[in-house]
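Read off the chains here:
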Amino acid sequence: MTIVGEFPTLPAVVTGFVRHARSIPIRHAFRHRVYQWLVDLDDLPRLPWYLRPFGGFDVRDHLGGDGPTIKAGVRRYLASQGIEYDGRIVMLSNARVLGHVFDPITVFWCIDSQYVVAEVHNTYGERHTYLLTPDADGSAQTAKKFYVSPFNDVSGDYRLRFELDRSRVRVQVSLSRGHHTVFGASFEGVPRPATRWAVLTAAVRMPLMPQRVTALIRLHGLYLWARRLPVVKRKTRKTLRGRVARTIVDRVLDRVPVRAVYPDGTVRGGGGPDAPMLRIARPDTMFERLVHNPKIGLGEAYTAGDWTAAAGTDLGELLTPFAAQLAQLVPRWMLRFRRLVEQRVPERLRNTPNGARSNISAHYDLSNALFAAFLDRGMSYSSAMFDSAEQSLEDAQTRKVERILDLAGVRRGSQVLEIGIGWGTLAIAAARRGAHVTGITLSREQLTLARERVADAGLSDRVELRLQDYRAVTGSYDAIVSVEMIEAVGEEFWPEYFGALDRLLAPGGSVALQAILMDHDRMLATRNSYSWIQKYIFPGGLIPSRTAIDETLARHTGLAVQADHRFGPDYAETLRRWRRHFTANWPAVRAQGFDESFRRTWEFYLAYSEAGFASGYLDVGQLLLRRSDPRPESGRTPDGRSG
């Protein structure tokens, strides 16, 4: 929460404007002059009889409506969240006018704490309460959990900002899905003491305020409906599809060595007493998310708190049994209907030159400090290569870097191209061998820090780093190295990517790639469907198979894979250590402006990925590409299996 300067005199009438701007899929913006009340819940307004019809506050209008006072309702809600609080609470809200009240969002500032409570109301008479812990700038984020508008489902994330001081009150809200903002709304006004004259003036200039708010919401709704904005039906009870989803999930649980506990105490799962345990906190909400999109709903449900790992259960260990049996969990006959519920990858995520810049920026430009909080000191954001369980992450990352440089034949005098430089670790290592390195990236944040690190190492004369797309690179290089960048290329552009490697490689040169890989059949089954990882972590990403790489090379280049070294279990260990560091250093991450919703999203991302490698569903390999003898040297078939 942010309170700047002197606190306003209460109670106050706050006169200002409500602004709303919808950006997708239809643009629509408006501004209306309004007023609200800012009151201390320990000292509600005492108006003369002739003004009481225009400024009443009723306990029935807030937080369940069955407490002795509004403040008691707030305290009871906080207690349900494990917070005991009896300090000052200030409320921003509409008052009852002629017996009617409607307030899209009521804000309760818990003045002597870090908490803000936001109660959202819809026009169906329903309400939902969010507990927020804004940072020093007044900003907070939370997953959407409540149906408000007929044009938005219960998905996405709210970003909110609160300001409260003597001269201004401001509340800002935006809804985003993935990397796109759906709408933004705000109320900003000037608080003035609620004298009789101030209340009368507001009531005359802006009569029947809550009635006006209700009418305007419906008016703008009709306008959007007339413009054919799709209507999302409100779910007022358990749907048939939700019940079917529970049946399917229960059967899946019974085939996996885990235990799941429902709120009513029901236990499902094929695991024994010592098996990993998950707790389902809000089953109806979770199943509705799964019905809406099975590939996205599970992760969204975790971020929202619909389910969690039970105390004493590691999230990665909980997810690994599911990943190990993923291909067998859903019956084949049911897979035929997945197109009815799966969403296709949005057109906007294509990795065109402009799209690739946007997709890379959405992840890698979040904050260098964020990545520094969980990576090793060398800032390597790819799988390490361990030679023992006791080896440090930093040493294992160094081993990985040196091995791929050896694979590419990088030595003194080599002209090296690195596609996807990260934070410069590999470029520095190659330059220390005496090579001349050209490195490219599409992340401005990475480029800035990588250049600083190169300069600090005294290697600026040997390393040139650029903000450049691989399609725009020219020249001839003895060695081309790219570590876990192919996953950001996209199937549509694999021919261009490998064609660029072929075009840029000098005669007799070598290409060394480190690539995350999956089974070819799984890749074909999932390549066109929109996943949670694409929506929230890596927009535009797609993991290739070894077969897909071989086929693309054969059709579009003179290159072939000459060596293939796999080390998937090392990636599981790398991710395990990243997640441990992320959790331990969360206070530093939070100080960068990231909230609890972000924490749970990234916690799930790291554990979900770890499970993929620990189970063998995913693999990682260092591949050597050359124009010479195309026969593999690794003892593996072209699909990457042991020969």
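All of the points below concern the structure found in this document. Each chain carries its own residue numbering, running from 1 in the written order of its sequence. With the structure being a predicted model, the display of local features is reserved for residues of pLDDT at least 70 and the display and counting of side-chain atom pairs for 80 or more, all residues being used for whole-chain, interface and lining totals. To get the side-chain values, all heavy atoms of the structure are used, and hydrogens and water are removed first.

**Brief notes about the side chain of Asp-61**
- By the secondary structure assignment, Asp-61 is in the loop between strand 3 (28–40) and helix 1 (70–80).
- Relative accessibility thresholds used throughout: buried, under 20% of the residue-type maximum; exposed, over 50%; partly exposed, between the two (1.4 Å probe, protein chains only). A residue is classified by how much of its surface remains accessible, and Asp-61, at 12% relative accessible area, is buried.
- Discounting chain neighbours no more than four positions away, the residues touching Asp-61 are Arg-96, Val-101, Glu-119, His-121 and Arg-127. Runs of H or I in DSSP of at least four residues are treated as helices and runs of E of at least two as strands, each being numbered from the N terminus. Residue contacts are counted whenever heavy atoms from the two residues lie within 4.5 Å of one another.

**Observations concerning the pattern of salt bridges**
- Whenever a carboxyl oxygen of Asp or Glu lies within 4 Å of a side-chain nitrogen of Lys or Arg, that contact is scored as a salt bridge. Scanning the entire structure with this criterion turns up 41 salt bridges.
- Note that Arg-88 and Asp-40 form a salt bridge whose closest N and O atoms lie 2.6 Å from each other. With Arg-88 in the loop between helix 1 and strand 4 (89–93) and Asp-40 in strand 3, this residue pair connects regions lying 48 residues apart in the sequence.
- The class of Arg-88 is partly exposed, set by a relative accessible area of 30%.
- Between Asp-86 and Arg-75 there is a salt bridge, and its shortest N-O distance comes to 3.5 Å. Of the two residues, Asp-86 sits in the loop between helix 1 and strand 4 while Arg-75 sits in helix 1, which places them 11 residues apart along the sequence.
- Judged by relative accessible area, which is 34%, Arg-75 ranks as partly exposed.
- Connected via shared salt-bridge partners are Asp-137, Arg-161, Glu-163, Arg-168, Arg-170 and Glu-188.

**Here we look at the packing of helix 5 (residues 283–292) against helix 6 (residues 294–304)**
- Whenever a helix is involved, its axis is fitted only over the stretch in contact; in every case the axis is a line through C-alpha atoms, and angles between N-to-C directions fall within 0 to 180 degrees. Following both chains from N to C, one finds helix 5 and helix 6 inclined at 150°, their axes separated by 6 Å at the closest point. Judged by the inter-axis angle, helix 5 sits roughly antiparallel to helix 6. In the crossing of helix 5 with helix 6, the sense of the turn from one axis to the other is right-handed. For the pair formed by helix 5 and helix 6, the contact residues are Met-286, Arg-289, Leu-290, Val-291 and His-292 on the first element and Pro-294, Gly-297, Leu-298, Glu-300, Ala-301 and Ala-304 on the second. Roughly parallel covers angles under 35 degrees, roughly antiparallel covers those over 145, roughly perpendicular covers 65 to 115, and oblique covers all other angles. Handedness of a helix crossing follows the sense of rotation of the near helix relative to the far helix, less than a right angle counterclockwise being left-handed and clockwise being right-handed.

**Digging into the pairing of strand 17 (residues 436–441)**
- Burial runs high along strand 17: 5 of the 6 residues are buried.
- Here, the term right-handed applies to a crossover whose path from the first strand over the helix to the second runs clockwise when the strands point away from the viewer. Tracing the backbone out of strand 16 (residues 415–419), into helix 13 (residues 425–432) and back to the parallel element strand 17 gives a crossover that is right-handed.
- Read from strand 17 through helix 14 (residues 444–456) to strand 18 (residues 463–467), the crossover connection turns out right-handed.

**A look at the sheet that holds strand 20 (residues 505–518)**
- At least two DSSP bridges between two strands are required for those strands to pair. Taken in spatial order, the 7 strands line up as 18-17-16-19-20-22-21 in an open sheet, and their pairing is mixed. This sheet does not close on itself; its edge strands, each paired only once, are strand 18 and strand 21 (560–566). Each adjacent strand pair in this sheet contributes to an overall mean axis angle of 20°, direction not counted.
- As judged from the 6 bridges shared by strand 21 and strand 22 (residues 618–626), these two strands associate in the antiparallel manner. The residue of strand 22 that forms the bridge with Ala-563 is Leu-624.
- Relative to strand 21, helix 18 (residues 546–556) is tilted by about 165°, and along the sheet it contacts strand 20, strand 21 and strand 22.

**Quick look at the nonpolar core**
- In plain words, nonpolar cores are sets of buried Ala, Val, Leu, Ile, Met, Phe, Trp, Tyr and Cys residues tied together by side-chain atoms within 4.5 Å. Counting 100 residues, the largest nonpolar core has Trp-307, Tyr-381, Tyr-497, Phe-498 and Trp-602 as its most contacted members.
- Aside from chain neighbours lying at most four places away, what touches Tyr-497 is Ile-419, Tyr-470, Ser-482, Met-485, Ile-486, Val-489 and Leu-513.

**Describing helix 1**
- Here helix 1 has its buried residues at Ile-70, Lys-71, Gly-73, Val-74, Tyr-77 and Leu-78. Buried residues of helix 1 fall within an arc of 160° about the axis and therefore sit on the same side.
- Downstream of helix 1 by one or two residues, Gly-82 has phi in the positive range, about 85°. Arc definition: directions from the helix axis to the C-beta atoms.

**Quick notes on a nonpolar patch on the surface**
- A cluster of nonpolar residues, Trp-197, Leu-200 and Val-204, forms a patch on the protein surface that exposes about 360 Å² of accessible area.
- Mapped onto the fold, Leu-200 is located in helix 2 (residues 196–205).
- Since its relative accessible area comes to 35%, Leu-200 is described here as partly exposed. Candidates for patches are residues over 30% relative accessible area with no salt bridge; among them, like charges are joined within 9 Å and nonpolar side chains (Val, Leu, Ile, Met, Phe, Trp, Tyr) within 5 Å. Per-residue and other accessible areas follow the Shrake-Rupley method at a 1.4 Å probe size, with only the shown protein chains counted as cover for residues.

**Focus: the packing of aromatic side chains**
- Note on aromatic contacts: the rings of Phe and Tyr and the six-membered ring of Trp form a pair at centre separations within 6.5 Å, being stacked when their planes are under 30 degrees apart, edge-to-face when over 60 apart, and tilted otherwise. Per the counting criterion, the structure on display carries 35 aromatic pairs.
- Seen in terms of ring centroids, Phe-371 and Phe-374 are 6.0 Å apart; in terms of plane orientation they differ by 45°. Their pairing is tilted. Per residue, the accessibility class of Phe-371 equals that of Phe-374, and both read buried.
- The ring centre of Phe-17 lies 4.0 Å from the NZ or CZ of Arg-31, which sits over that ring.
- Taking NZ or CZ as reference, Arg-471 lies 5.1 Å from the ring centre of Phe-493, over its face. A ring is considered to have a charge above it if a Lys NZ or an Arg CZ atom is located within 6 Å of its centre and within 35 degrees of its normal.

**Quick look at helix 15 (residues 494–504)**
- Those residues of helix 15 not exposed but buried are Trp-494, Tyr-497, Phe-498, Ala-500, Leu-501, Asp-502 and Leu-504.
- If you follow the buried residues of helix 15, they end up packed against strand 16, strand 19 (477–483), strand 20, helix 16 (520–526), helix 18 and strand 22.

**Focus on the pairing of strand 10 (residues 169–177)**
- Burial analysis of strand 10 places 7 of its 9 residues in the buried class, the great majority of the element.
- Sheet topology places strand 9 (residues 157–165) next to strand 10; 8 bridges connect them, and they run antiparallel. When the sheet's bridge partners are listed, Leu-160 is paired in strand 10 with Val-173.
- Turn length for the strand 9-strand 10 hairpin, with the two strands adjacent in sequence and antiparallel, is 3 residues.

**Describing unusual backbone geometry**
- The peptide bond linking Leu-10 to Pro-11 adopts the cis configuration, its omega dihedral lying at -5°.
- Residue position: Pro-11 is located in the loop between strand 1 (3–4) and strand 2 (12–22).
- With a phi angle near 60°, Met-379 is a residue other than glycine that sits in the positive phi range.
- Here Met-379 shows up in the loop between helix 11 (368–372) and helix 12 (393–408).
- For Met-379, a relative accessible area of 8% gives the class buried.
- Although it is not a glycine, Glu-484 adopts a positive phi angle of roughly 50°.

**Notes on the packing of helix 7 (residues 315–324) against helix 21 (residues 596–614)**
- Close contact between helix 7 and helix 21 brings their axes to 8 Å; oriented N to C, the two are set at 45°. When the interaxial angle is binned, helix 7 and helix 21 end up oblique. Considering only the axes of helix 7 and helix 21, their crossing is right-handed. For the pair helix 7 and helix 21, the contacting residues are Leu-315, Gly-316, Leu-319, Thr-320 and Ala-323 in the first and Glu-603, Phe-604, Ala-607, Tyr-608, Glu-610, Ala-611, Gly-612 and Ala-614 in the second.

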